[in-house]
Amino acid sequence: MITLRDLTKRYGDRVAVDGLSLDLRPGQVTGFLGPNGAGKSTTMRMILGLDRPTRGQALIDGRPYAALDRPLRCVGALLDARAVHPGRSARAHLRAMAASNAVPARRVDQVLEEVGLGAVARRRAGSFSLGMSQRLGIAGALLGEPGVLLFDEPVNGLDPDGVLWVRRLMRSLAADGATVLVSSHLMSEMQLTADRLVVIGRGRLLADAPVADLIAAAAPSTVRARGIGLDRLRRALDAEPGPVRVDLPGPAASFTGHGGAGGGGDEVVVTGVAIERLGELAHRAGVVLHELSPRRASLEEAYMELTGASVEYGSGPAGPAEPAGRAGLGERSGA
Ligand SMILES: Nc1ncnc2c1ncn2[C@@H]1O[C@H](COP(=O)(O)OP(=O)(O)OP(=O)(O)O)[C@@H](O)[C@H]1O
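The structure displayed is predicted, hence computed values, not measured ones.

1. Side note on the nonpolar core
And step 1. Within the largest apolar cluster, 54 residues are counted, with the highest numbers of intra-cluster contacts made by Ile-138 and Phe-151.
And step 2. Looking at which element gives the most residues to this core, the answer is helix H5 (residues 160-175), with 7 residues.
And step 3. Two domains each donate at least three residues to this core, and these are domain 1 (2-214) and domain 2 (219-332).
And step 4. Filtering out sequence-adjacent residues up to four positions away, Phe-151 remains in contact with Met-44, Leu-78, Ile-138, Ala-141, Met-170, Leu-173, Val-180, Leu-181, Val-182 and Ser-183.
And step 5. Of all hydrophobic cores here, the second largest spans 24 residues; its members include Leu-24, Phe-32, Met-46 and Cys-74.

Below is the structure:
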């Protein structure tokens, strides 16, 4: 269990982490998200006793890191995969870690096999690729079989096989009862890996919720309707209560339904009306439907919505403009 209470870190005038209070429970993978500079690494460093909080506290199983007897047996972490003496072999690096925390030496060979580095155990860590270094960092985190694990960008540099392996590893650690906190900028990966998401921006908590709830709250699902006579459907939607939005469709590939564009008739994307209700309205309005397909928002869309105002190091526009469809045909707030 990880407990944060009013956790705050200032560097001079800059507030890197601003009053975070959270409980991260065993048996769950918590994804830790936020734009560059949001304070994720600083939070992890404070949990691990590498940075001293300006105010508040970070506890592991009820105790600050400094009060843990053999820390590697309580908490394992991958923060910076390159922070290994380059002249030491992978095995020597892990053996030194094990010795300082009363972890049996045989565990070193076990974890090296587990992370796929058994064959290169005697090679200098300085000769490792980024992906191999990440695997060595993960081996170090697993060494003491801790109940709390922190991973900062663990899939950075890993090949697709490695990414899948990390996802399964996180899931199995949580299934065995560990508290797992993992930061990542890969939204699709987080959507697949995490049970719960904590999103921060400029050091402050923006959201703390199960993945599905966070997506549903931040980015509404939509329904695409394709057919003949959609003007009549749009008129029928004018009488619906609540905010309803009617847009031209985005890229056809992002929809789950069959058919796609090009089958004849018009297309609209409706937000704010259940698919069943839309079907009824279309039927009553005499619309010939060729397609009525739901589209669930992605974590990436929800994340953009949540963090839009907190991005400090944003990029300028690049590449072709978004399809014109999202500009919107009509929006109204319900009566
Ligand atoms: N040692 C330090 N001295 C001064 N400022 C720091 C220090 N460490 C972090 N910061 C600042 O604190 C803020 C939070 O940084 P942090 O590295 O925690 O963000 P992050 O969410 O991990 O970002 P990223 O996604 O880019 O890794 C940033 O503005 C950063 O410049």
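Resuming the write-up.
2. Regarding the environment of Glu-300
And step 1. Here Glu-300 lies in helix H10 (residues 299-307).
And step 2. Along the sequence, Glu-300 and His-185 sit 115 residues apart, while their C-alpha atoms lie 9.7 Å from each other.

3. Describing the site of the ligand
And step 1. Taken together, the neighbourhood of the ligand is formed by Tyr-11, Arg-14, Ala-16, Pro-35, Asn-36, Gly-37, Ala-38, Gly-39, Lys-40, Ser-41, Thr-42 and His-185.
And step 2. Between Gly-37 and the ligand, the recorded distance is 2.8 Å, taken from a backbone N or O atom to an oxygen atom.
And step 3. Measuring from an oxygen atom of the ligand, one finds a side-chain N or O atom of His-185 at 2.8 Å.
And step 4. When the free accessible area of the ligand is taken as 640 Å², the share hidden by the protein chains comes to 61%.
And step 5. Of all the secondary-structure elements, those providing two or more residues to the shell around the ligand are strand E2 (14-24) and helix H1 (40-47).

4. A few points about the pattern of salt bridges
And step 1. With the rule as written, the count across this model stands at 17 salt bridges.
And step 2. Glu-240 serves as the salt-bridge partner of Arg-277, at 2.8 Å between the closest nitrogen and oxygen. Taken together, the positions of Arg-277 in helix H9 (residues 275-284) and Glu-240 in the loop between helix H8 (230-238) and strand E11 (244-247) put the pair 37 residues apart, joining distant regions of the chain.
And step 3. Taking the relative accessible area as the measure of exposure, Arg-277 reaches 26% and is therefore partly exposed.
And step 4. By relative accessible area, which is 11% here, Glu-240 ends up buried.
And step 5. Here the salt bridges do not stand alone but share partners, grouping Arg-224, Arg-226, Glu-267 and Glu-291 into one network.

The rules we used
- Residues numbered from 1 in each chain as written.
- Predicted model: local features only at pLDDT ≥ 70, side-chain atom pairs only at ≥ 80, totals over all residues.
- Heavy atoms only, no water.
- Core = buried A, V, L, I, M, F, W, Y, C linked by side-chain atoms within 4.5 Å.
- Buried < 20%, exposed > 50% of the residue type's maximum accessible area, 1.4 Å probe, protein only.
- Helix = DSSP H or I, 4+ residues; strand = E, 2+ residues; numbered from the N terminus.
- Domains from an automatic or database assignment.
- Contact = heavy atoms within 4.5 Å.
- Near = heavy atom within 4 Å.
- Polar contact = N/O pair within 3.5 Å; in protein donor to acceptor, adjacent residues only side chain to side chain.
- Areas by Shrake-Rupley, 256 points an atom, 1.4 Å probe, with all protein chains shown as cover.
- Salt bridge = Lys/Arg side-chain N within 4 Å of Asp/Glu carboxyl O.

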